[in-house]
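Here is how the chains run, residue by residue.
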Amino acid sequence: MRNVYLDYSATTPVKDEVLQEMIPYFSEKFGNPSSLYDKGLEAKAAVTHAREQVASLIGAQPREVFFTAGGTESDNWVVFGVADKLKDKGNHIITTKVEHHAMLHSCQFLEKHGYDVTYLDIDKDGRIRPEELEAAITEKTILISIMMVNNEIGTVQPIKELAAIAKKHGVLFHTDAVQALGNVPIDVKNLGIDLMSMSSHKIYGPKGSGALYIRRGVRLSNYLHGGAQESGRRAGTENLTGIVGFGKAAELAQKNFDQHVAHCSSLRNHLVERVLAEIPDTFVNGTMEYRHPGNANITFKYIEGEAILLLLNQSGISVSTGSACSSASLEPSHVLSALGVPVEMIHGTVRFTVGDLTTMEDIDYTVDTLKKVVSRLREISSVNTEKGW
Ligand SMILES: *Cc1c(COP(=O)(O)O)cnc(C)c1O
(Lines give C-alpha, C1' and ligand atoms only; values in the text may rest on other atoms or scores of the structure.)
Protein backbone atom coordinates (compact mmCIF):
# COMPACT_ATOMS: atom_id res chain seq x y z
CA MET A 1 0.00 0.00 0.00
CA ARG A 2 1.09 3.53 -0.71
CA ASN A 3 2.16 5.55 2.30
CA VAL A 4 1.32 9.24 2.22
CA TYR A 5 2.18 11.39 5.23
CA LEU A 6 0.24 14.67 5.22
CA ASP A 7 0.70 15.76 8.82
CA TYR A 8 3.91 17.79 8.72
CA SER A 9 2.50 20.31 11.19
CA ALA A 10 2.26 17.52 13.78
CA THR A 11 5.84 16.45 13.25
CA THR A 12 8.40 15.85 10.50
CA PRO A 13 10.86 13.04 9.79
CA VAL A 14 14.48 13.70 10.77
CA LYS A 15 16.41 14.41 7.57
CA ASP A 16 19.30 12.08 6.83
CA GLU A 17 21.83 14.94 6.89
CA VAL A 18 20.53 15.82 10.35
CA LEU A 19 20.71 12.24 11.58
CA GLN A 20 24.27 11.80 10.28
CA GLU A 21 25.33 14.95 12.12
CA MET A 22 23.79 13.64 15.37
CA ILE A 23 25.12 10.08 15.38
CA PRO A 24 28.69 10.69 16.63
CA TYR A 25 27.31 12.60 19.63
CA PHE A 26 25.54 9.51 20.97
CA SER A 27 28.72 7.49 21.25
CA GLU A 28 32.27 8.63 20.53
CA LYS A 29 31.59 12.35 21.16
CA PHE A 30 29.38 11.77 24.19
CA GLY A 31 31.06 14.27 26.55
CA ASN A 32 29.28 16.55 28.98
CA PRO A 33 29.54 20.11 27.61
CA SER A 34 30.27 21.36 31.15
CA SER A 35 33.38 19.18 31.55
CA LEU A 36 36.73 20.93 31.24
CA TYR A 37 38.76 18.24 29.47
CA ASP A 38 38.85 17.75 25.70
CA LYS A 39 35.80 15.50 25.49
CA GLY A 40 33.72 18.12 27.26
CA LEU A 41 35.14 20.93 25.13
CA GLU A 42 34.32 18.97 21.97
CA ALA A 43 30.70 18.66 23.10
CA LYS A 44 30.59 22.31 24.12
CA ALA A 45 31.88 23.34 20.70
CA ALA A 46 29.04 21.37 19.08
CA VAL A 47 26.48 23.20 21.23
CA THR A 48 28.09 26.55 20.35
CA HIS A 49 27.96 25.69 16.66
CA ALA A 50 24.27 24.69 16.88
CA ARG A 51 23.51 27.95 18.69
CA GLU A 52 25.07 29.86 15.78
CA GLN A 53 23.04 27.85 13.27
CA VAL A 54 19.74 28.56 15.04
CA ALA A 55 20.63 32.23 15.61
CA SER A 56 21.46 32.64 11.94
CA LEU A 57 18.07 31.28 10.85
CA ILE A 58 16.23 33.96 12.86
CA GLY A 59 18.62 36.92 12.64
CA ALA A 60 19.59 36.77 16.33
CA GLN A 61 22.92 36.82 18.12
CA PRO A 62 23.97 33.34 19.31
CA ARG A 63 23.92 34.45 22.96
CA GLU A 64 20.22 35.26 22.60
CA VAL A 65 19.35 31.62 21.82
CA PHE A 66 18.62 29.30 24.78
CA PHE A 67 18.09 25.61 24.15
CA THR A 68 15.03 23.96 25.70
CA ALA A 69 13.16 20.67 25.42
CA GLY A 70 10.91 22.05 22.69
CA GLY A 71 8.12 24.45 21.89
CA THR A 72 6.05 23.53 24.92
CA GLU A 73 8.84 24.25 27.39
CA SER A 74 9.70 27.52 25.64
CA ASP A 75 6.07 28.70 25.86
CA ASN A 76 5.82 27.68 29.53
CA TRP A 77 9.10 29.38 30.35
CA VAL A 78 7.88 32.65 28.87
CA VAL A 79 4.53 32.64 30.65
CA PHE A 80 5.81 31.66 34.09
CA GLY A 81 9.15 33.44 33.78
CA VAL A 82 7.62 36.79 32.84
CA ALA A 83 4.71 36.46 35.29
CA ASP A 84 7.16 35.90 38.13
CA LYS A 85 9.73 38.50 37.10
CA LEU A 86 7.23 41.29 36.54
CA LYS A 87 4.69 40.50 39.27
CA ASP A 88 5.33 43.85 40.96
CA LYS A 89 4.57 45.66 37.73
CA GLY A 90 1.29 43.92 36.94
CA ASN A 91 -0.74 40.75 36.62
CA HIS A 92 -2.25 41.09 33.15
CA ILE A 93 -1.33 39.03 30.09
CA ILE A 94 -2.74 39.38 26.59
CA THR A 95 -2.82 36.41 24.24
CA THR A 96 -5.27 35.03 21.66
CA LYS A 97 -8.06 32.49 21.49
CA VAL A 98 -6.18 30.49 18.86
CA GLU A 99 -2.85 29.79 20.55
CA HIS A 100 -1.39 26.32 20.94
CA HIS A 101 -2.41 24.59 24.17
CA ALA A 102 1.14 25.05 25.48
CA MET A 103 0.30 28.74 25.71
CA LEU A 104 -3.41 28.55 26.54
CA HIS A 105 -3.08 26.02 29.35
CA SER A 106 -0.11 27.89 30.85
CA CYS A 107 -2.20 31.08 30.90
CA GLN A 108 -5.16 29.23 32.39
CA PHE A 109 -2.89 27.97 35.16
CA LEU A 110 -1.84 31.54 35.95
CA GLU A 111 -5.49 32.61 36.09
CA LYS A 112 -5.90 30.26 39.04
CA HIS A 113 -3.09 32.15 40.76
CA GLY A 114 -4.38 35.71 40.55
CA TYR A 115 -3.38 36.71 37.04
CA ASP A 116 -5.81 38.20 34.48
CA VAL A 117 -5.60 37.02 30.90
CA THR A 118 -7.25 38.61 27.87
CA TYR A 119 -7.81 36.21 24.96
CA LEU A 120 -8.10 38.21 21.74
CA ASP A 121 -10.57 37.25 18.99
CA ILE A 122 -9.62 36.71 15.36
CA ASP A 123 -11.22 38.19 12.25
CA LYS A 124 -12.81 36.17 9.44
CA ASP A 125 -9.37 35.45 7.99
CA GLY A 126 -8.02 34.22 11.33
CA ARG A 127 -5.97 37.35 12.04
CA ILE A 128 -5.67 39.52 15.12
CA ARG A 129 -6.88 43.09 14.68
CA PRO A 130 -4.06 45.41 15.82
CA GLU A 131 -6.51 47.99 17.20
CA GLU A 132 -8.06 45.31 19.44
CA LEU A 133 -4.66 44.46 20.81
CA GLU A 134 -3.95 48.10 21.55
CA ALA A 135 -7.32 48.57 23.25
CA ALA A 136 -6.69 45.58 25.53
CA ILE A 137 -3.43 46.95 26.99
CA THR A 138 -3.63 48.32 30.54
CA GLU A 139 -1.02 49.62 33.03
CA LYS A 140 -0.97 46.13 34.47
CA THR A 141 -0.10 44.38 31.20
CA ILE A 142 3.25 42.59 31.48
CA LEU A 143 3.22 40.28 28.45
CA ILE A 144 1.67 40.05 25.00
CA SER A 145 1.93 36.65 23.35
CA ILE A 146 0.65 36.10 19.81
CA MET A 147 1.64 33.11 17.70
CA MET A 148 3.33 33.84 14.37
CA VAL A 149 1.61 31.05 12.39
CA ASN A 150 -1.39 29.05 13.55
CA ASN A 151 -0.94 25.28 13.69
CA GLU A 152 -4.47 24.41 12.57
CA ILE A 153 -5.45 26.91 9.89
CA GLY A 154 -1.96 28.18 9.01
CA THR A 155 -2.79 31.86 9.37
CA VAL A 156 0.22 34.18 9.51
CA GLN A 157 -0.23 37.08 11.94
CA PRO A 158 0.95 40.67 11.27
CA ILE A 159 3.70 40.22 13.88
CA LYS A 160 5.70 43.34 13.06
CA GLU A 161 2.69 45.58 13.52
CA LEU A 162 1.59 43.79 16.71
CA ALA A 163 5.10 43.89 18.22
CA ALA A 164 5.33 47.62 17.49
CA ILE A 165 2.16 48.20 19.52
CA ALA A 166 3.63 46.23 22.44
CA LYS A 167 6.82 48.26 22.25
CA LYS A 168 4.94 51.56 22.13
CA HIS A 169 3.31 50.61 25.45
CA GLY A 170 6.47 49.20 27.01
CA VAL A 171 5.14 45.63 27.15
CA LEU A 172 7.18 42.49 26.37
CA PHE A 173 6.21 40.78 23.12
CA HIS A 174 6.45 37.01 22.74
CA THR A 175 5.60 34.93 19.69
CA ASP A 176 5.24 31.16 19.38
CA ALA A 177 7.04 30.66 16.07
CA VAL A 178 7.02 26.86 16.10
CA GLN A 179 4.96 26.61 12.89
CA ALA A 180 6.56 29.68 11.36
CA LEU A 181 10.16 28.55 11.59
CA GLY A 182 11.46 27.57 8.16
CA ASN A 183 8.09 28.40 6.58
CA VAL A 184 7.91 32.18 6.72
CA PRO A 185 10.84 34.63 6.78
CA ILE A 186 11.83 35.49 10.36
CA ASP A 187 14.18 38.26 11.40
CA VAL A 188 13.65 38.88 15.11
CA LYS A 189 15.33 42.29 15.00
CA ASN A 190 13.32 43.54 12.05
CA LEU A 191 10.08 42.17 13.53
CA GLY A 192 10.77 43.72 16.95
CA ILE A 193 10.32 40.50 18.92
CA ASP A 194 11.45 40.18 22.56
CA LEU A 195 10.86 36.45 23.08
CA MET A 196 10.26 33.65 20.56
CA SER A 197 9.55 29.92 20.92
CA MET A 198 10.96 27.36 18.48
CA SER A 199 10.88 23.59 18.12
CA SER A 200 13.23 21.25 16.27
CA HIS A 201 10.87 18.42 15.29
CA LYS A 202 8.69 20.67 13.14
CA ILE A 203 11.68 21.50 10.90
CA TYR A 204 13.06 17.99 10.20
CA GLY A 205 15.07 17.85 13.43
CA PRO A 206 14.70 15.50 16.41
CA LYS A 207 11.89 15.64 18.97
CA GLY A 208 12.40 16.96 22.51
CA SER A 209 14.61 19.81 21.33
CA GLY A 210 13.84 23.47 20.84
CA ALA A 211 14.85 26.94 21.85
CA LEU A 212 13.72 30.22 23.28
CA TYR A 213 15.02 33.44 21.75
CA ILE A 214 15.47 36.03 24.51
CA ARG A 215 16.40 39.45 23.19
CA ARG A 216 19.47 40.79 24.92
CA GLY A 217 18.39 42.80 27.96
CA VAL A 218 15.03 41.06 28.43
CA ARG A 219 14.65 39.73 31.95
CA LEU A 220 12.51 36.74 32.90
CA SER A 221 12.82 34.30 35.79
CA ASN A 222 14.39 30.93 35.25
CA TYR A 223 12.05 28.01 34.73
CA LEU A 224 14.32 25.02 35.38
CA HIS A 225 16.64 25.37 38.37
CA GLY A 226 19.89 23.53 38.85
CA GLY A 227 23.26 23.76 37.13
CA ALA A 228 24.71 26.71 35.26
CA GLN A 229 23.97 25.51 31.73
CA GLU A 230 22.67 27.97 29.10
CA SER A 231 24.41 30.93 30.81
CA GLY A 232 22.70 30.00 34.08
CA ARG A 233 19.23 30.51 32.64
CA ARG A 234 18.14 26.94 31.84
CA ALA A 235 19.56 24.22 34.03
CA GLY A 236 20.13 20.60 33.06
CA THR A 237 22.81 18.78 31.10
CA GLU A 238 22.34 19.76 27.49
CA ASN A 239 20.42 17.44 25.15
CA LEU A 240 23.58 17.21 23.08
CA THR A 241 22.30 15.09 20.18
CA GLY A 242 19.01 16.98 20.14
CA ILE A 243 20.80 20.32 20.01
CA VAL A 244 23.22 19.20 17.30
CA GLY A 245 20.27 17.91 15.25
CA PHE A 246 18.27 21.09 15.75
CA GLY A 247 21.28 23.15 14.67
CA LYS A 248 21.70 21.16 11.47
CA ALA A 249 17.97 21.27 10.76
CA ALA A 250 18.07 25.06 11.20
CA GLU A 251 21.01 25.35 8.81
CA LEU A 252 19.16 23.30 6.18
CA ALA A 253 15.95 25.27 6.71
CA GLN A 254 17.84 28.47 6.00
CA LYS A 255 19.66 27.06 2.97
CA ASN A 256 16.55 25.46 1.42
CA PHE A 257 14.02 28.12 2.40
CA ASP A 258 12.92 29.33 -1.05
CA GLN A 259 12.84 25.86 -2.51
CA HIS A 260 10.90 24.49 0.48
CA VAL A 261 8.28 27.22 0.35
CA ALA A 262 7.82 26.90 -3.43
CA HIS A 263 7.56 23.10 -3.22
CA CYS A 264 5.05 23.10 -0.35
CA SER A 265 2.85 25.86 -1.69
CA SER A 266 2.56 24.34 -5.15
CA LEU A 267 1.52 20.95 -3.73
CA ARG A 268 -0.83 22.53 -1.21
CA ASN A 269 -2.42 24.70 -3.90
CA HIS A 270 -2.91 21.68 -6.14
CA LEU A 271 -4.60 19.82 -3.28
CA VAL A 272 -6.91 22.72 -2.48
CA GLU A 273 -7.80 23.37 -6.11
CA ARG A 274 -8.61 19.73 -6.83
CA VAL A 275 -10.64 19.20 -3.65
CA LEU A 276 -12.72 22.35 -4.12
CA ALA A 277 -13.31 21.58 -7.82
CA GLU A 278 -14.00 17.86 -7.55
CA ILE A 279 -15.68 17.35 -4.19
CA PRO A 280 -18.92 19.27 -3.65
CA ASP A 281 -19.81 21.01 -0.38
CA THR A 282 -16.27 21.71 0.73
CA PHE A 283 -14.56 24.92 1.82
CA VAL A 284 -11.17 26.06 3.07
CA ASN A 285 -10.85 27.59 6.54
CA GLY A 286 -8.69 30.68 6.92
CA THR A 287 -7.28 32.99 4.30
CA MET A 288 -5.14 31.77 1.39
CA GLU A 289 -3.32 35.10 1.42
CA TYR A 290 -1.45 35.02 4.73
CA ARG A 291 -0.93 31.32 5.14
CA HIS A 292 1.63 28.65 6.00
CA PRO A 293 2.85 27.33 2.62
CA GLY A 294 2.05 23.70 3.45
CA ASN A 295 -1.31 24.05 5.22
CA ALA A 296 -4.73 23.15 3.86
CA ASN A 297 -7.60 23.05 6.36
CA ILE A 298 -10.77 21.86 4.65
CA THR A 299 -14.33 21.29 5.82
CA PHE A 300 -16.34 18.49 4.21
CA LYS A 301 -19.97 19.24 4.99
CA TYR A 302 -22.37 16.61 6.33
CA ILE A 303 -19.73 14.12 7.46
CA GLU A 304 -17.32 13.51 10.34
CA GLY A 305 -13.66 14.44 9.94
CA GLU A 306 -12.74 11.53 12.23
CA ALA A 307 -14.40 9.11 9.82
CA ILE A 308 -12.48 10.62 6.90
CA LEU A 309 -9.26 10.32 8.90
CA LEU A 310 -9.85 6.64 9.67
CA LEU A 311 -10.80 5.72 6.11
CA LEU A 312 -7.83 7.62 4.66
CA ASN A 313 -5.64 5.79 7.16
CA GLN A 314 -6.89 2.49 5.71
CA SER A 315 -5.49 3.69 2.38
CA GLY A 316 -2.14 4.60 3.95
CA ILE A 317 -2.78 8.35 4.18
CA SER A 318 -2.06 10.26 7.41
CA VAL A 319 -3.97 13.48 8.10
CA SER A 320 -5.34 15.11 11.23
CA THR A 321 -8.53 16.65 12.47
CA GLY A 322 -7.98 19.85 14.40
CA SER A 323 -4.65 19.89 16.19
CA ALA A 324 -2.86 16.63 16.94
CA CYS A 325 -3.05 17.29 20.67
CA SER A 326 -6.82 17.56 20.68
CA SER A 327 -7.49 14.90 18.05
CA ALA A 328 -8.11 12.31 20.75
CA SER A 329 -10.78 14.49 22.34
CA LEU A 330 -14.24 15.27 21.04
CA GLU A 331 -14.02 18.95 21.96
CA PRO A 332 -14.52 21.00 18.80
CA SER A 333 -11.33 22.79 17.78
CA HIS A 334 -10.92 26.07 19.68
CA VAL A 335 -9.34 27.61 16.58
CA LEU A 336 -12.22 26.80 14.23
CA SER A 337 -14.68 27.90 16.94
CA ALA A 338 -12.90 31.25 17.17
CA LEU A 339 -13.09 31.50 13.37
CA GLY A 340 -16.87 31.15 13.65
CA VAL A 341 -17.19 27.78 11.92
CA PRO A 342 -20.45 26.11 13.11
CA VAL A 343 -19.91 23.13 15.41
CA GLU A 344 -21.25 20.50 13.00
CA MET A 345 -18.90 21.76 10.30
CA ILE A 346 -15.95 21.82 12.69
CA HIS A 347 -16.56 18.09 13.09
CA GLY A 348 -16.28 17.71 9.32
CA THR A 349 -12.88 19.39 9.11
CA VAL A 350 -9.56 17.83 8.15
CA ARG A 351 -6.07 19.35 8.24
CA PHE A 352 -3.64 18.36 5.47
CA THR A 353 -0.06 19.60 5.85
CA VAL A 354 2.53 18.87 3.17
CA GLY A 355 6.31 18.94 3.47
CA ASP A 356 9.62 18.38 1.71
CA LEU A 357 9.05 14.67 1.04
CA THR A 358 5.52 15.06 -0.33
CA THR A 359 5.13 14.51 -4.09
CA MET A 360 2.52 15.51 -6.67
CA GLU A 361 1.61 11.80 -6.97
CA ASP A 362 0.94 11.73 -3.22
CA ILE A 363 -1.49 14.61 -3.61
CA ASP A 364 -3.30 13.08 -6.57
CA TYR A 365 -3.57 9.73 -4.79
CA THR A 366 -4.95 11.52 -1.73
CA VAL A 367 -7.56 13.47 -3.67
CA ASP A 368 -8.60 10.38 -5.64
CA THR A 369 -9.00 8.46 -2.38
CA LEU A 370 -10.78 11.37 -0.71
CA LYS A 371 -13.38 11.50 -3.47
CA LYS A 372 -14.32 7.87 -2.83
CA VAL A 373 -14.19 8.20 0.95
CA VAL A 374 -16.30 11.35 1.04
CA SER A 375 -19.00 10.03 -1.29
CA ARG A 376 -19.18 6.76 0.64
CA LEU A 377 -19.54 8.59 3.97
CA ARG A 378 -22.13 10.96 2.55
CA GLU A 379 -24.17 8.02 1.28
CA ILE A 380 -24.20 6.52 4.75
CA SER A 381 -25.05 9.83 6.36
CA SER A 382 -27.94 10.48 3.93
CA VAL A 383 -29.28 6.96 4.60
CA ASN A 384 -29.08 7.79 8.29
CA THR A 385 -30.87 11.08 7.79
CA GLU A 386 -33.69 9.38 5.88
CA LYS A 387 -34.08 6.92 8.75
CA GLY A 388 -34.34 9.91 11.04
CA TRP A 389 -31.06 9.25 12.90
C1 LIG B 1 4.05 21.70 17.96
C2 LIG B 1 3.77 23.06 18.53
C3 LIG B 1 4.15 23.39 19.84
C4 LIG B 1 4.77 22.40 20.76
O5 LIG B 1 6.10 22.12 20.44
P6 LIG B 1 6.79 20.79 21.03
O7 LIG B 1 8.21 20.91 20.60
O8 LIG B 1 6.06 19.64 20.38
O9 LIG B 1 6.61 20.83 22.50
C10 LIG B 1 3.90 24.67 20.29
N11 LIG B 1 3.32 25.58 19.51
C12 LIG B 1 2.93 25.30 18.25
C13 LIG B 1 2.29 26.36 17.43
C14 LIG B 1 3.14 24.02 17.72
O15 LIG B 1 2.74 23.75 16.48
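This is a predicted model, so every value here is computed, not measured.

Re the environment of Leu120
Within the secondary structure, Leu120 sits in strand E4 (residues 116–120). You can call Leu120 buried: its relative accessible area is 5%. Taking the C-alpha atoms as reference, Leu120 lies 4.3 Å from Thr96; in sequence the two are 24 residues apart. Setting aside residues no more than four positions away along its own chain, Leu120 makes contact with Ile94, Thr95, Thr96, Lys97, Ile128, Glu132, Leu133, Ala136 and Ile146.

Re the sheet that holds strand E6 (residues 172–176)
Pairing between sheet strands relies on hydrogen bonds along the backbone, with the strands arranged either parallel or antiparallel. Spatial strand order, E2-E8-E7-E6-E5-E3-E4: seven strands in an open sheet with mixed pairing. The open sheet terminates on both sides in strands that have one partner only, identified here as strand E2 (65–68) and E4. Going from strand to strand, the sheet's axes swing by 20° on average, the running direction of each strand aside. In this fold helix H6 (residues 159–168) packs onto strand E5 (141–145) and E6, with an angle of close to 155° to the strand it touches most, E6.

Here we look at the site of the ligand
Close contacts around the ligand come from Gly70, Gly71, Thr72, His100, Met147, Asn151, Asp176, Val178, Gln179, Ser199, His201 and Lys202, and that covers them all. A distance of 2.9 Å is found between an oxygen atom of the ligand and a backbone nitrogen or oxygen belonging to Gly71. Thr72 places a side-chain nitrogen or oxygen 2.6 Å from an oxygen atom of the ligand. Computed on the free molecule, the ligand has an accessible area of 380 Å², of which 88% lies beneath the protein chains in the complex. Of the residues assigned to the shell around the ligand, the class counts are two nonpolar, eight polar and two charged.

Section: the nonpolar core
Within the largest apolar cluster, 63 residues are counted, with the highest numbers of intra-cluster contacts made by Ile58, Met148, Ile186 and Met196. Core analysis: the next-biggest nonpolar cluster, separate from the first, contains 27 residues, Val4, Leu6, Leu267 and Ile363 among them.

Some words on helix H11 (residues 305–314)
Residues of H11 that are buried include every one of Gly305, Ile308, Leu311 and Leu312, and no others. One face of H11 carries all of its buried residues, which in axial projection span an arc of 130°. Counted as exposed and oriented over 90 degrees from the buried face of H11: Leu310 and Gln314. Gly316 occupies a position one or two residues after H11 and carries a positive phi of about 80°.

Quick notes on the confidence of the model for the protein chain
Averaged over every residue, the pLDDT of the protein chain is 96; residues scoring 70 or more account for 96%. Highest mean pLDDT in the protein chain belongs to strand E7 (residues 195–199) (99); lowest belongs to helix H14 (residues 360–386) (90).

Observations regarding the sheet that holds strand E10 (residues 295–300)
With respect to topology, three strands assemble into an open sheet ordered E9-E10-E12, the strand pairing being antiparallel. Edge positions in the sheet fall to strand E9 (282–284) and strand E12 (349–353), since each has one partner strand and no second. Neighbour to neighbour, the strand axes of the sheet diverge by 25° on average, direction disregarded. Alignment of E9 against E10, held across three bridges, turns out to be antiparallel. Among the inter-strand pairings, Phe283 is bridged to a residue of E10, identified as Thr299. Each of E9, E10 and E12 is contacted by helix H10 (residues 257–278), which is oriented at about 15° to E10, the strand it contacts most.

A few points about the pairing of E7
With respect to burial, E7 is a largely interior element, five of its five residues being buried. What you see with E7 is no split at all: Leu195, Ser197 and Ser199 on one side and Met196 and Met198 on the other are buried throughout. The pairing of E6 with E7 spans three bridges and is classified as parallel. When the bridges of E7 are listed, Thr175 appears paired with Met196. Examined bridge by bridge, E7 and strand E8 (residues 210–214) share five bridges and lie antiparallel to one another.

Looking at unusual backbone geometry
With a phi angle near 50°, Glu230 is a residue other than glycine that sits in the positive phi range. Inspection of the secondary structure assignment puts Glu230 in helix H8 (residues 229–232). Even without glycine at this site, Asp281 takes up a positive phi of about 55°. Note on placement: Asp281 falls in the loop between H10 and E9. In this structure Asp281 comes out as partly exposed when scored by relative accessible area, which is 36%.

Describing the packing of helix H3 (residues 71–85) against helix H4 (residues 101–111)
It is the contact of H3 with H4, at a shortest axis distance of 9 Å, that shows an interaxial angle of 30°. When the interaxial angle is binned, H3 and H4 end up roughly parallel. For the pair H3 and H4, the crossing hand works out as right-handed. Taking contact as the criterion, the partners of Thr72, Asp75, Asn76, Val79, Phe80 and Ala83 in H3 are, on H4, Ala102, Met103, Ser106, Cys107, Phe109 and Leu110.

Quick notes on a nonpolar patch on the surface
A contiguous nonpolar surface patch, about 340 Å² in accessible area, is contributed by Val14, Leu19, Ile23 and Phe26. Structurally, the position occupied by Phe26 is in the loop between helix H1 (16–22) and helix H2 (38–58). Using a relative accessible area of 54% as the deciding quantity, one classes Phe26 as exposed.

Calculation notes
- Residues numbered from 1 in each chain as written.
- Predicted model: local features only at pLDDT ≥ 70, side-chain atom pairs only at ≥ 80, totals over all residues.
- Heavy atoms only, no water.
- Helix = DSSP H or I, 4+ residues; strand = E, 2+ residues; numbered from the N terminus.
- Buried < 20%, exposed > 50% of the residue type's maximum accessible area, 1.4 Å probe, protein only.
- Contact = heavy atoms within 4.5 Å.
- Pairing = 2+ DSSP bridges.
- Axes fitted to C-alpha atoms, helices over the stretch in contact; angles between N-to-C directions.
- Near = heavy atom within 4 Å.
- Polar contact = N/O pair within 3.5 Å; in protein donor to acceptor, adjacent residues only side chain to side chain.
- Areas by Shrake-Rupley, 256 points an atom, 1.4 Å probe, with all protein chains shown as cover.
- Nonpolar A, V, L, I, M, F, W, Y, C, P; charged D, E, K, R; others polar.
- Core = buried A, V, L, I, M, F, W, Y, C linked by side-chain atoms within 4.5 Å.
- Arc of directions from axis to C-beta.
- pLDDT = per-residue confidence, 0-100.
- Parallel < 35°, antiparallel > 145°, perpendicular 65-115°, else oblique.
- Left-handed = near helix turned anticlockwise from the far one by under 90°.
- Patch = residues over 30% accessible without salt bridge, like charges linked within 9 Å, V, L, I, M, F, W, Y side chains within 5 Å.
- Salt bridge = Lys/Arg side-chain N within 4 Å of Asp/Glu carboxyl O.

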